[in-house]
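The chain contents come next:
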Amino acid sequence: MLNFLTRRLVAGLITLFVSLFLMYWLVDIAIDPLKDLRESTAPNKEQLIAARIKLLDLDTNVVVRFFHWFTDVLHGDFGIAWRSGQPVSDLVAHAIGSTLQLVTAATFLSLLLGVVVGIVSALRQYSSFDYLIIFLSFLLYSLPSFWVAVLLKQWVAIGFNDFLADPKFAWTTIAIVAIVAGVLWSLAVGGTAVRRWQVFGISAAATFAMIAYLQVSDFWLEPKIGIVLLAILGAATAFAIAAIFAGLHNRRALYTALTVVAIGVVLYEPMQTVFKGDIFKVGSHGAGWLIFGLAVITLVVGFVVGRLYGGPDWGVSARTGAIVALIMGAMIYVDKVMQLWPPYTKALNGRPIPTFGDRTPELGGNYWVGVLDSFTHLMLPTLTLILIAFAAYTRYSRSSMLEVMSQDYIRTARAKGLPERVVVVRHGFRNTLIPLATIVPIDVITLLGGAVITEAVFARPGMGALFVNSLDGAEINPVMAYLLITASLAIVANIVADIIYASVDPRIRLDA
Amino acid sequence: MSTPENTQEPAPVSESNENAIELKEVVGLSQGQIVRKRFFRHKGALIGMFFLLATILLAFTSVGVGPIPGWWKYNGTETNLAVEEPGGRPTMHLPEFLGGSGFAIGDHPFGQDELGRDMFGRVMHGVQTSLIVMFIIGLVSCLLGVLVGALSGYFRGRLDTALMRTTDLFITVPVLVIGAVLGKITGTIPGQKNSYVFAVAMGVLLWTTLARLVRGEFLALREREFVDAARVAGASSTRIIFKHILPNAIGTIIVSTTLLMSSAILLETALSYLGFGIREPAISLGSLISQYQQSFTTRPWLFWWPGLFIVVIALTVNFIGDGLRDAFDPRQKRIPSVRKMEKAQAAARPTATTAAPKLGPDAGLGAGA
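Quick notes on the rules
- Residues numbered from 1 in each chain as written.
- Chains lettered and ligands numbered in written order.
- Predicted model: local features only at pLDDT ≥ 70, side-chain atom pairs only at ≥ 80, totals over all residues.
- Heavy atoms only, no water.
- Patch = residues over 30% accessible without salt bridge, like charges linked within 9 Å, V, L, I, M, F, W, Y side chains within 5 Å.
- Areas by Shrake-Rupley, 256 points an atom, 1.4 Å probe, with all protein chains shown as cover.
- Salt bridge = Lys/Arg side-chain N within 4 Å of Asp/Glu carboxyl O.
- Helix = DSSP H or I, 4+ residues; strand = E, 2+ residues; numbered from the N terminus.
- Buried < 20%, exposed > 50% of the residue type's maximum accessible area, 1.4 Å probe, protein only.
- Contact = heavy atoms within 4.5 Å.
- Buried area = accessible area lost by both parts, 1.4 Å probe.
- Nonpolar A, V, L, I, M, F, W, Y, C, P; charged D, E, K, R; others polar.
- Phe/Tyr/Trp six-rings, centres within 6.5 Å; stacked < 30°, edge-to-face > 60°.
- Lys NZ or Arg CZ within 6 Å of the ring centre and 35° of its normal.
- Domains from an automatic or database assignment.

Trainee: So what exactly am I meant to see when it comes to a nonpolar patch on the surface here?
Mentor: Residue and element names in this part refer to chain A. Where nonpolar side chains cluster on the molecular surface, the patch consists of Trp289, Phe292, Val296, Leu299, Val300, Val304, Leu308 and Leu326 and spans about 820 Å² of accessible area. For the nonpolar patch, the leading source of residues is helix 12 (residues 287-309), giving seven residues. On the secondary structure map, Val304 appears in helix 12. Since its relative accessible area comes to 40%, Val304 is described here as partly exposed.

Trainee: Hey, could you run me through the interface of chain B and chain A in this one?
Mentor: Taken residue by residue, the interface counts 54 residues in chain B and 63 residues in chain A. Of the roughly 5500 Å² buried between chain B and chain A on both sides combined, carbon and sulfur atoms contribute 76%. If you look at where chain B meets chain A, you find one salt bridge. Residues Asp472(A) and Lys184(B) are paired through a salt bridge, measuring 3.6 Å at the closest nitrogen-oxygen approach. Per-element accounting of the side of chain B that touches chain A gives the leading share, twelve residues, to helix 12 (residues 301-328) of chain B. Grouping the amino acids of the side of chain B that touches chain A by side-chain chemistry returns 35 nonpolar, 13 polar and six charged.

Trainee: Any chance you could explain the pattern of salt bridges here in plain terms?
Mentor: Opposite charge on two side chains makes pairing possible when the charged atoms of those side chains draw close. Residues and elements named next belong to chain A. Counted by the stated rule, this structure contains 17 salt bridges over all chains. With its nearest N and O atoms 3.7 Å apart, the salt bridge here joins Arg426 to Asp313. Taken together, the residues span a long stretch of sequence, with Arg426 in helix 17 (residues 420-448) and Asp313 in the loop between helix 12 and helix 13 (314-339) at a distance of 113 residues. Three or more residues joined by partner-sharing salt bridges are found here, namely Asp36, Arg52 and Arg83.

Trainee: Explain the side chain of Asn161(A) here, please?
Mentor: All names here are of chain A. Tracing the backbone through its elements, the reader meets Asn161 in helix 7 (residues 145-165). Judged by its relative accessible area of 4%, Asn161 falls in the buried class. The contacts of Asn161, once residues within four sequence positions are left out, are Gly350, Arg351, Pro352 and Ile353.

Trainee: Explain the packing of aromatic side chains here, please?
Mentor: For any pair of aromatic rings, geometry is given as the distance between the ring centres together with the angle between the planes. Residues and elements named next belong to chain A. For the structure shown, the criterion picks out 40 aromatic pairs over all chains. One aromatic cluster in this structure is built from Phe17, Phe21, Tyr24, Phe66, Phe67, Trp69 and Phe70. When the ring centre of Phe138 is taken as reference, the NZ or CZ atom of Arg395 above it lies at 4.8 Å.

Trainee: Sorry, what's going on with the domain arrangement of chain A here?
Mentor: One frequent convention defines the size of an interface as the accessible area lost when the parts assemble. Split into domains, chain A comes out as domain 1 (2-90 + 468-504), domain 2 (168-217) and domain 3 (225-338). Computed from C-alpha atoms alone, the centre-to-centre distance between domain 1 of chain A and domain 2 of chain A is 54 Å.

Set out below in structure tokens:
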């Protein structure tokens, strides 16, 4: 293992060095820092040009300049962006924060959706649902992201803001949405004709009831979950999670999930007081860490409840409990953020969905306002990224699941008489994740380099935007800092992917 | 979408019986004929092929190529044309049964921009450039990838190490990023030529995946008996590579080149959109979008058509690639839907309807997921 790591790290460092050198050279050819001066009509043009050449050391050979830059970097100095005079490390620190916000949610959601849809599609291979998903993933895969982003800006953002002026859906619209949802669910679940009709009826009615409830309770103007809805949604989540990961016959897991939901409902009111605490007030820091701590505690509570229910297979209950607890916690958190919606919309003159930037300037407000503000700014860029990544993950998990389900051990599992749920979740699903585990780290890290296009369209000041603007502004230092970060992360990601692969698949040995 | 193995083989048909039926389908056909037959059976690929050819034909005949004039009356460069519809709206109307006011094409079917230029002509020029760029990228990266992959897989040893380390260099930096830097360099070349240089540069960038795949194929194929036989018969390395191994790797090469082309058009348009790709006087679909995105609220049609054509091209090429992959995959079988199989089984043996262990409707991750 150590041997493998050293070998890969050394090879990686050499690759990094060579690629940085080549990129420095290429970028130096690409940019022209004197362009604006050469086109200027200033009387002291010659002097200005000479001054800039001196400032940027342009008379020195590019190779020598690269080694200057490289030694500086080794001493931890990334130089300055000469147009603004800001140190590059500050610029990068800002940009990484913005990009991280964007990438985390997008990766997580697209992975979740992509894997679930891909697996269902694989399980129902050659059905209409499968063909629909294949077509959809092809379509999404072929969409130019910049085009989608501008369309979303126009239709979703401006359309939704217009909708908020008079937030009422026509009943026919709701009915059509409900029917479409019913058709999708019945196609996804499949089975005999009777079962399809049942699924269609239930899911269409549920969708209709949900939208009708949102409509009647004025959800669009005053969104809230509230304690009643929290209990209902929590119970539904508990049943769903228990059904998938443990099977409803496993009473201990089901009771764990329901107990966790009950704890969540009981804690709802006390949490409202906690959320009003001093740490969330204007100007104080550390609220993020507190929330993180609470999330960890939530996880532990869920786990412990499962452990206390005991039984021979307590791991399943504990896992179910932890997942349900996390979902409950997330719902309470989202509920709190939603409570800020009415004043927030009012502050923004009833047009809350922004189309550019990553925060509203001079908004003020406490921690919760800040969170809500980031949410609204994240919505469209995240949606853009999800649409495209979703297609890739669906295709990937679908073909991976098909491969797994044709293995002999699946046949053996069925032959032993295991219920289909166990075959799919324990034998199929887990092995489907193995190839995904090697792709996801590389994807995440590529995304950390900034979703260049998405950031450009939505004018988010992230890593991608930093790169594009610096390249346009002929500033080599920020461009090189960006390249250094993305390239080293890419190398690390590849090594991590190999290690993950070896740890989830015992047949792979790194030292061989 | 490959790997169409079906675990849920209908039990009643015995294995040998099934093989016989399968062999019957391909008996007396050459490899090329089998592949062609399979490809034409793939509906998605056929429809994709049709739409791609239609797009190519439309783009190249309408506004003409170079000095050859096309059948469309405008070239997209004439400014201050008379405004047909208020605000330069498209003059194309849907037929009545689709809710339009009777089908008509009019003088400016895609509308006019703020300078009064004909949008149809401009979009067609954009499609031409984007298609040419896509094919050049495909060609260059295919040639480079095959060459590098073949040399490194066939000769192995030091050459292999050197070439593979070179491909490692390319994957450290995201393609879009190197593409932007290269595009910035090629952008300084004046005139229409910059799009071709840009395309070649992108081709030089994108060959690495193909090289890895071809190398893998070559590593496996060079150990096969027919290669030994050729070597014993005195064939040179060149002859073995080109005559014996390459034809056996052609499936992988064609399929991945096609799929590479669909990502190439997305890369090109994205770079052109960011301003690092194709520039004036050449028009690409991406540069059209970036040029007109400000006028989305006032003249949305300027923005729809270029994007729509990008989607059409990328989608059709993807479908063709998928069809080719299925056609070249020897494991590919035509598999009827579960319901059809059930029906056939029920008709053949009314008592054996439960024989197929298909996934039940409650196969986990169902309604609750």
